[in-house]
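# Observations on the three-dimensional arrangement
So the chains spell out like this:
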Amino acid sequence: MSELLDRRAIKLAEKAADRDEAIRLCGEALVEIGAVEPGYVDTMLARERSVSTYVGEGVAIPHGTFGGKELVRRDALAVLRFPEGVDWGGEPVHLCVGIAAAGDGHVELLAALAEILLDEDQARELREATDPETVERLLGTIQEDSE
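Overview of the structure. This structure is a prediction, so every number in the text was calculated from the model and none was measured.

Our next topic: the pairing of strand β4 (residues 76-88). Judged from the 2 bridges that link them, strand β1 (residues 10-11) and β4 form a sheet pairing that is parallel. By the bridge assignment, K11 is partnered in β4 with L80. Here 9 bridges tie β4 to strand β5 (residues 91-100), and the two strands are oriented antiparallel to one another. Residue pairing in the sheet places V79 in a bridge with V97 of β5.

Attention shifts here to the packing of helix α1 (residues 19-32) against helix α2 (residues 40-50). One way to put it is that α1 packs onto α2 with a least axis distance of 9 Å and a crossing angle of 145 degrees. You can see that α1 and α2 cross each other, and the crossing is right-handed. Facing R19, D20, I23, R24, C26, G27, E28, L30 and V31 of α1, the residues of α2 in contact are Y40, V41, M44, L45 and E48. When the residues that make up the contact of α1 with α2 are grouped by side-chain class, the tally is 8 nonpolar, 1 polar and 5 charged.

Bringing the nonpolar core into the picture now. Within the largest apolar cluster, 25 residues are counted, with the highest numbers of intra-cluster contacts made by L30, F82, W88 and C96. Secondary structure elements with two or more residues in this core: α1, α2, β4 and β5. F82 has contacts with E14, K15, A16, A22, L25, V93, H94 and C96, leaving out every residue within four places of it along the chain. In terms of nonpolar packing, the next biggest core, distinct from the first, is built from 24 residues, L4, I99, A101 and L126 among them.

Compared with an ideal rise of 1.5 Å per residue, which puts 14 residues at 20 Å, α1 spans 20 Å between its outermost C-alpha atoms and is within 8% of the ideal. Within α1 the residues assigned to the buried category are A22, I23, L25, C26, G27, A29 and L30. Residues of α1 that are buried in the fold lie against β1, α2, β4 and β5. Regarding α1, its N-cap is D18, as a side-chain oxygen of that residue lies 3.3 Å from the backbone nitrogen of D20 further along.

Right, let's get into a negative patch on the surface. Taken together, the side chains of D18, E21, E28, D87 and E91 make up a negatively charged region of the molecular surface. Within the element layout of this structure, E21 appears in helix α1.

About the cut-offs
Residues numbered from 1 in each chain as written. Predicted model: local features only at pLDDT ≥ 70, side-chain atom pairs only at ≥ 80, totals over all residues. Heavy atoms only, no water. Pairing = 2+ DSSP bridges. Helix = DSSP H or I, 4+ residues; strand = E, 2+ residues; numbered from the N terminus. Axes fitted to C-alpha atoms, helices over the stretch in contact; angles between N-to-C directions. Left-handed = near helix turned anticlockwise from the far one by under 90°. Contact = heavy atoms within 4.5 Å. Nonpolar A, V, L, I, M, F, W, Y, C, P; charged D, E, K, R; others polar. Core = buried A, V, L, I, M, F, W, Y, C linked by side-chain atoms within 4.5 Å. Buried < 20%, exposed > 50% of the residue type's maximum accessible area, 1.4 Å probe, protein only. Expected span 1.5 Å × (residues − 1). Polar contact = N/O pair within 3.5 Å; in protein donor to acceptor, adjacent residues only side chain to side chain. Patch = residues over 30% accessible without salt bridge, like charges linked within 9 Å, V, L, I, M, F, W, Y side chains within 5 Å. Areas by Shrake-Rupley, 256 points an atom, 1.4 Å probe, with all protein chains shown as cover. Salt bridge = Lys/Arg side-chain N within 4 Å of Asp/Glu carboxyl O. Lys, Arg positive; Asp, Glu negative; His and termini not counted. Charge placed at Lys NZ, Arg CZ, Asp CG, Glu CD.

Next up, the structure:
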């Protein structure tokens, strides 16, 4: 299994009071697996303040600012599911895919994620996933494309 998606960063029964807490949880998952320095979480919150990372269909893809790249140790994803949903600027979010990417790696990751999310069936399956294996299967193509 690629280091891009560490099973410890797949958390499918999370709760967050609001968007900022959900972003913090995504960032903390990336910190826990050693992909980013703790300060990266603040850059994820700063990114959200400048432009929403909500992409539609109940999904948000929080990631850090350009300045936060120096805090990335290695490219990685964190997948957090919020079964009860989180208010994301008026939109309900049930799935957050946190991205840590050095260089321009986030562009490839975002493009690969978008491809999956544009497929209605795959997007629904990812939003409703209750086991890490489902997430690994659905996002396995991203690992292959970005390595």
